[in-house]
Amino acid sequence: MSGFAVTRWWLVRHAPVNNPDGVIYGRTDLPAIFEDDGLLKRVSAALPDDAIRVASNLARSIDTLKRLSLVQRDQLDIKVIPALAEQDFGVWEGQRWADIPAEQARMFWDDYASSVPPGGESFNQLAGRVGEAFHALTTEYAGRNIVAVLHGGSIRAILASILGTPPAASLSFDVAPLAITRVDYLDAPDNPGWRIGSVNLVV
C-alpha cells in the first residue's frame, strides 16, 4: 500500500489530575500529576519522534505533552487547539455530583449525550467542535504523524466521527489516563478512509 498519503494519529489522554475533592471538571483547569515515571517513559517511547504535536488549551493537556517530550529529550513546538478541549459543564464546574440538584442530575444522566448542563455544552456539541477541528488538522498535516494529548471526551468524540456513529455510541469506550488510541487516515484513491489500530492501549 504505497503511493498515497497515510496520516497517523497518536491520541493520548492526559495524565491523571489532582482532584482530591472529586469535583466536576471539564473546562476547569485542574493540574495533571505525574507520579509514574515508568509509564511516562513507556508512552514516550511508543510515540514517533517526527510528529506534529497537538494539545488542547488546558494545562493538563499541555503539561502532559511537555512531560512526554522532555522524556524524549526533544525540542517541542506545541500547536494549541482550544476546540479540542474537554466538555464544558457550565455552572456545575467545580461542584461535586452530590451537590447538583437530584432532578437535574437524573435528567442529565438519562440522556448524557444531548443534555446541556446550565451554562455549559452537551457531549453532542463537544463532538461537533472536536470533529471539525480533528478533520481540519488531518487535512492540514496529511501524510504526517500527529501526536495529540487530549481528554477522554475529546478522544471519544473523535472515535464517533471516524466510525460515523452518533456521539452517544462512543461513550462506551474506556479512555484511561496516558492510554494511547491509534487511528490512521489512508488517502487511497480506490479505498480511502479511516483505520483504527488500537483504543485505550496502556503500554
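Rules behind the numbers
- Numbering of residues begins from 1 in every chain and follows the order in which that chain's sequence is written.
- Totals for whole chains, interfaces and linings use all residues, but because this is a predicted model, local features are given only for residues with pLDDT of at least 70 and pairs of side-chain atoms are given and counted only at 80 or more.
- Water and hydrogen atoms were dropped before computing side-chain values, which therefore reflect all heavy atoms in the structure.
- Each residue gets a pLDDT score, which is the predictor's confidence in that residue and runs from 0 to 100.
- Counting from the N terminus, the helices are the DSSP runs of H or I reaching at least four residues and the strands are the DSSP runs of E reaching at least two.
- Two strands make a pair as long as DSSP finds a minimum of two bridges between them.
- To obtain an axis, a line is fitted to C-alpha atoms, over the contacting stretch when the element is a helix, and the angle between two such axes runs from 0 to 180 degrees between their N-to-C directions.
- Any carboxyl oxygen of Asp or Glu within 4 Å of a side-chain nitrogen of Lys or Arg constitutes a salt bridge here.
- One less than the residue count of a helix, multiplied by 1.5 Å, gives the span that helix is expected to have.
- For the exposure calls, accessible area comes from a 1.4 Å probe over protein chains only, and a residue counts as buried if that area is under 20% of its type's maximum, exposed if over 50%, partly exposed in between.
- Whether two residues touch is decided by their heavy atoms; if any such pair falls within 4.5 Å, the residues are in contact.

On to the confidence of the model for the protein chain, then. Of the residues in the protein chain, 95% have a pLDDT of 70 or more, and the chain-wide mean is 93. Across the protein chain, strand 4 (residues 145-150) holds the top mean pLDDT of 98, while helix 2 (residues 59-71) sits lowest at 89.

Here the focus is the sheet that holds strand 4. As summarised here, the arrangement of the 6 strands in space is 3-2-4-1-5-6, forming an open sheet in which the pairing is mixed. With one partner strand each, in any of the chains shown, strand 3 (78-80) and strand 6 (193-201) form the two edges of the open sheet. Neighbour-to-neighbour, the strand axes of this sheet turn through a mean angle of 20°, independent of strand direction. Taken together, the 7 bridges between strand 1 (residues 6-13) and strand 5 (residues 180-186) define a ladder with antiparallel strand orientation.

This part is about the pattern of salt bridges. Side chains that carry opposite charge are capable of pairing whenever their charged atoms lie near each other. Summed over all chains, the structure comprises 6 salt bridges. Residue D110 pairs with R106 through a salt bridge whose shortest N-O separation is 2.8 Å. Of the two residues, D110 and R106 are both situated in helix 3 (residues 102-110); the distance of 4 residues between them amounts to about one turn of the helix. One salt bridge connects E121 with R129, and the closest N-O pair in it is separated by 2.6 Å.

What follows concerns helix 5 (residues 152-163). The end-to-end C-alpha separation of helix 5 is 17 Å, in line with the 16 Å expected for 12 residues at 1.5 Å each. Of all 12 residues making up helix 5, 10 are buried, and the element is well covered by its neighbours. For helix 5, the elements touching its buried residues are strand 1, helix 4 (123-140), strand 4, strand 5 and strand 6. Looking one or two residues past helix 5, G164 carries a phi angle of roughly 70°, positive in sign.

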